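Structural overview
Take a look at the letters that make up each chain.
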Amino acid sequence: MKKFGDNTVLDDLNFDVKKGERVTLIGPSGSGKTTILRLVMTLEHLTGGFIYVDGHPLTHEMRGGKRVERKKKDVARMTTRIGMVFQQFNLFPNMTVMENLTEAPIHVLGRSKAEAQERARELLENVGLGDKVDEHPMRLSGGQQQRVAIARALAMDPEVLLLDEVTSALDPELVGEVLNVLRHVAETTNITMLIVTHEMQFASEVSHRVLMFDGGHIIEDKPPAQMFSEPENERTQAFLKAVL
Ligand SMILES: Nc1ncnc2c1ncn2[C@@H]1O[C@H](COP(=O)(O)OP(=O)(O)OP(=O)(O)O)[C@@H](O)[C@H]1O
Ligand SMILES: [Mg+2]
């Protein structure tokens, strides 16, 4: 459960994502999609209930018959395995591209600078930005910045990747390059992904399942081919009609 003050945003919500599965969340504005990703990233406090990652409770657990918060250190250890990419890139503006990619691997994972830089170079090559290593984010296009943000998330070798409308802030001509990078990640890794997007073509190509949210509940859960061609729920039908 998640409440903001008296406003209950998520309630009676229960779903599983398998290891390696890619799941797209769709639904009207305000239905709680971002909140779910932020809860998994532990950027929001879970009001009730539990989130499990790899079978382990993330932020809260049952102890002595009571629901209690887990130790900060234990939560932190788990969240290093979870990466998130935001609509607004959120790169560190005072750092170069290389520093953006190596900061957390060095300071959180304890990697050597050389090791972190080698991995960063490889990832930047993969997202087509091998020549931007020493550039500052402000001097990159939105599409380039978002590809850096994806590479930065991958530099932590995440088991789970959360993508919140990562192309929504981009000019239309830059959307394709970012989606291509994500398609490549989907094809070449086994990273579990939770994706919020309005790019339905992309969602149907990369996801195994699509969940339709409304009012903090899942109202439909199907593989993309069925979800997009034969939605059963009336609200799903209306939503897809409006966005497609
Ligand atoms: N920090 C906050 N404080 C108070 N209410 C919030 C906060 N963040 C989100 N909410 C509320 O929670 C509900 C769900 O918001 P959320 O951002 O998760 O929706 P969403 O499905 O991601 O919408 P959109 O498609 O517009 O991004 C909304 O009613 C919103 O007003
Ligand atoms: Mg949102």
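Conventions used here
Residues numbered from 1 in each chain as written. Chains lettered and ligands numbered in written order. Predicted model: local features only at pLDDT ≥ 70, side-chain atom pairs only at ≥ 80, totals over all residues. Core = buried A, V, L, I, M, F, W, Y, C linked by C-beta atoms within 7 Å. Buried ≥ 20, exposed ≤ 12 C-beta atoms within 10 Å, placed from the backbone. Helix = DSSP H or I, 4+ residues; strand = E, 2+ residues; numbered from the N terminus. Contact = placed C-beta atoms within 7 Å. Near = placed C-beta within 6 Å. Nonpolar A, V, L, I, M, F, W, Y, C, P; charged D, E, K, R; others polar. UniProt positions renumbered as here; feature names shortened; annotations may be inferred. Pairing = 2+ DSSP bridges. Axes fitted to C-alpha atoms, helices over the stretch in contact; angles between N-to-C directions.

1. Digging into the nonpolar core
- Of all hydrophobic cores here, the largest spans 53 residues; its most connected members are Ile150, Ala151 and Leu162.
- Among the elements that take part in this core, helix 5 (residues 142-154) stands out by supplying six residues, more than any other.
- Apart from the residues lying within four places of it in its own chain, the contact partners of Leu162 are Leu37, Val40, Met41, Ile82, Gly83, Met84 and Leu194.

2. Concerning the site of ligand 1
- The local shell around ligand 1 consists of Phe4, Val9, Gly27, Ser29, Gly30, Ser31, Gly32, Lys33, Thr34 and Thr35.
- Among the residues forming the shell around ligand 1, the class breakdown is two nonpolar, seven polar and one charged.

3. A word on the UniProt feature "domain: ABC transporter" (unreviewed entry) in the protein chain
- Within this structure's numbering, the places UniProt gives as "domain: ABC transporter" (unreviewed entry) are residues 1-240.
- Across residues 1-240, helical content stands at 38% and strand content at 21%; the span's end C-alpha atoms are separated by 27 Å.

4. A closer look at the sheet that holds strand 3 (residues 22-26)
- Here six strands make up an open sheet; going across it, the order is 8-9-10-3-11-12 and the pairing mixed. Whereas interior strands pair on both sides, the edge strands pair on one side only; in this sheet they are strand 8 (82-85) and strand 12 (217-222). The sheet shows a mean angle of 20° between the axes of neighbouring strands, direction not considered.
- Bridge analysis of strand 9 (residues 160-164) against strand 10 (residues 192-196) gives five bridges, and the strand direction is parallel. Within strand 10, the position partnered with Asp164 by the bridge is Val196.

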